[in-house]
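# Architecture and fold: a report
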Amino acid sequence: MPVDFHLSEKEAAVRTAAATFAQNVLKPTHAAYAGLQGNQKKFQATRGAYETAVTGGLIKGQLAPAIGGTAGSFIETALLVEEFYAVEPSTSLTIFSTGLGLTPLNLTQKPEHRQFLAPFLSSEGTPLASLVFSEPGGVANYLEKGAPGLNTTAKRDGDEWVINGEKKWATNSAGWDNRGADLACVVCRDISDPQKYSDSDPEASIMIILVTRADLERNGEKSLQVLHDVSLPGHVATAPGPHIKYSDVRVPAKNVLCHPGEATAIISRSFDTTAVLVGAMSVGLMRAAFDAALAFAKRDNRRGRVPLLQRQAFADLLSGVKMKTEACRALTWKAAHAMEHGPGDYNARRELALAAKIYCSDTAVQAITEVINAVGITAYDVEQPFAELLNNAIALPIFDGGNVGIRRRHLQELMLSPSYDPWAATYGPSTERTA
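Let me sum up the structure you'll find in this document. Just so we're clear, the structure is a prediction, and the values are computed from it rather than from any experiment. (Residues numbered from 1 in each chain as written. Predicted model: local features only at pLDDT ≥ 70, side-chain atom pairs only at ≥ 80, totals over all residues. Heavy atoms only, no water.)

### Some remarks on the pattern of salt bridges
Tallied over the entire structure, the rule returns 19 salt bridges. Of the charged contacts in the structure, one is a salt bridge between R408 and D362, with a shortest N-O distance of 3.0 Å. Taken together, the residues R408 in helix α12 (residues 403–416) and D362 in helix α10 (residues 346–375) connect sequence positions 46 residues apart. A cluster of three or more residues bridged by salt bridges with shared partners is formed by R15, E82, E83, R287, K322, E326 and R329. (Salt bridge = Lys/Arg side-chain N within 4 Å of Asp/Glu carboxyl O. Helix = DSSP H or I, 4+ residues; strand = E, 2+ residues; numbered from the N terminus.)

### Points about the packing of aromatic side chains
Overall, the coordinates contain six aromatic pairs when judged by the stated rule. With a centroid separation of 5.2 Å and an interplanar angle of 75°, the aromatic rings of F133 and Y142 are classed as edge-to-face. In this structure F133 comes out as buried when scored by relative accessible area, which is 8%. A residue is classified by how much of its surface remains accessible, and Y142, at 12% relative accessible area, is buried. Counting every residue linked through ring pairs, the aromatic cluster contains F21, F84 and F96. Cation over ring: R269 sits above Y346, and NZ or CZ is 3.7 Å from the ring centre. (Phe/Tyr/Trp six-rings, centres within 6.5 Å; stacked < 30°, edge-to-face > 60°. Buried < 20%, exposed > 50% of the residue type's maximum accessible area, 1.4 Å probe, protein only. Lys NZ or Arg CZ within 6 Å of the ring centre and 35° of its normal.)

### Structural notes on helix α9 (residues 312–341)
For the α-helix, the turn length of 3.6 residues means that residues three or four positions removed from each other point alike. Taking 1.5 Å of rise per residue, the 30 residues of α9 would be expected to cover 44 Å, and the 43 Å separating its terminal C-alpha atoms lies within 8% of that figure. Two residues or fewer past α9, G342 is found with a positive phi of approximately 75°. (Expected span 1.5 Å × (residues − 1).)

### Remarks on unusual backbone geometry
Following G342, the chain continues to P343 via a peptide bond in cis, the omega torsion being 10°. Inspection of the secondary structure puts P343 in the loop between α9 and α10. Here W169, not a glycine, exhibits a phi torsion of approximately 75°, which is positive. Take W169: it is sitting in the loop between β3 (160–167) and β4 (183–190). With a relative accessible area of 44%, W169 lands in the partly exposed category.

### Details of the packing of helix α4 (residues 74–85) against α9
Close contact between α4 and α9 brings their axes to 8 Å; oriented N to C, the two are set at 145°. Relative to α9, the crossing made by α4 is right-handed. Every residue of α9 that contacts α4 at F74, I75, A78, L79 and E82 is listed here: R329, T332, W333, A336, H337, M339 and E340. (Axes fitted to C-alpha atoms, helices over the stretch in contact; angles between N-to-C directions. Left-handed = near helix turned anticlockwise from the far one by under 90°. Contact = heavy atoms within 4.5 Å.)

### Comments concerning the nonpolar core
Counting residues in each nonpolar core, the largest one holds 101 residues, and the members touching the most others are F84, I208 and I267. Per-element tally for this core: the top contributor is helix α8 (residues 263–299), with 19 residues. Discounting chain neighbours no more than four positions away, the residues touching I208 are C185, V186, V187, N255, V256, L257, C258, A263, I266 and I267. In terms of nonpolar packing, the next biggest core, distinct from the first, is built from 18 residues, A154, V186, I209 and I244 among them. (Core = buried A, V, L, I, M, F, W, Y, C linked by side-chain atoms within 4.5 Å.)

Written out as structure tokens, the structure reads:
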């Protein structure tokens, strides 16, 4: 495929539809919750917009056609994310976090689990899904040999698995009412036979079990408890992933999505997918900051003779932000295309996904800070968008796998590999280039 940054007819239509949805649905939702107090009340105020997203196919559209969904290309998803995040990040994160919660099923595509997808294929109601992975003590080193590993465990008991443990930071995990998501992919550690696994192979015990809202209701009110609701400075209308506790949650053996030893690859690939989308989130926030600063610079003169845009210092900062935004969008599109089409093997493609997440999220914080410096003290007024944009951007380098503790370590692992081929995702495998 030749290098071409023109959107196809379908991609352009997706972007237009996304921009329309953002303006007509997401923007009024932001205005509706802005005056409410507390993350939980703000989150509840987004439910109508989420239902509109469901009926409009935005949840079904995150499931692969092979399992009944209507998902398009990864580039199309990146376009959706940018348009949504440029207008209303909180509701957008809820929508795309359901997509993350469904990603393990997208990857495994096992026919026996099709029944779990029914609420998300119906285009009705407000079903939430969650990939319940992170824990109160963090998970950056959960596969380190000799370490305690995940605190959330599962034990086989006849034809059932019994889940116990605590989780935190898993968006949507508590559902709309703090009684659980409609579907949770719970990452846990098998403790059925303590002698079965050795400290030298922690991956062998990791599994993913599907827990439905019906499972939790059958197990009683104490099966899932919210120990602490987390309040956030940004993404203030999102279910932020409260500190939750599973207590003796019994589910049928058929609920096992990934048996012990199968899960870590699926977990990794799920977050490789969202790494690209964090790149698109970053672009959306930078774009919104640039547009707001540009409008400000054209109408304000700070008591001078000419608009601020004619001042070299302001123009230099703003042009730098524009360049950063364009560069991050290009990297995100490249990563999205490469994840589906290559060239290179999966590790080469994955490297671009990681780069998009790390570079774009770090750059978003820097770029929005530069915009604030250009605008000056006026940017500190809550009636201006800049402080909210920065609060939203600050989350991007540290969520979805923190850049320092997780994402850069994954890049390091790739570079340490004896088979590392640094430019394969751009030019193809080096063996082909030198043949």
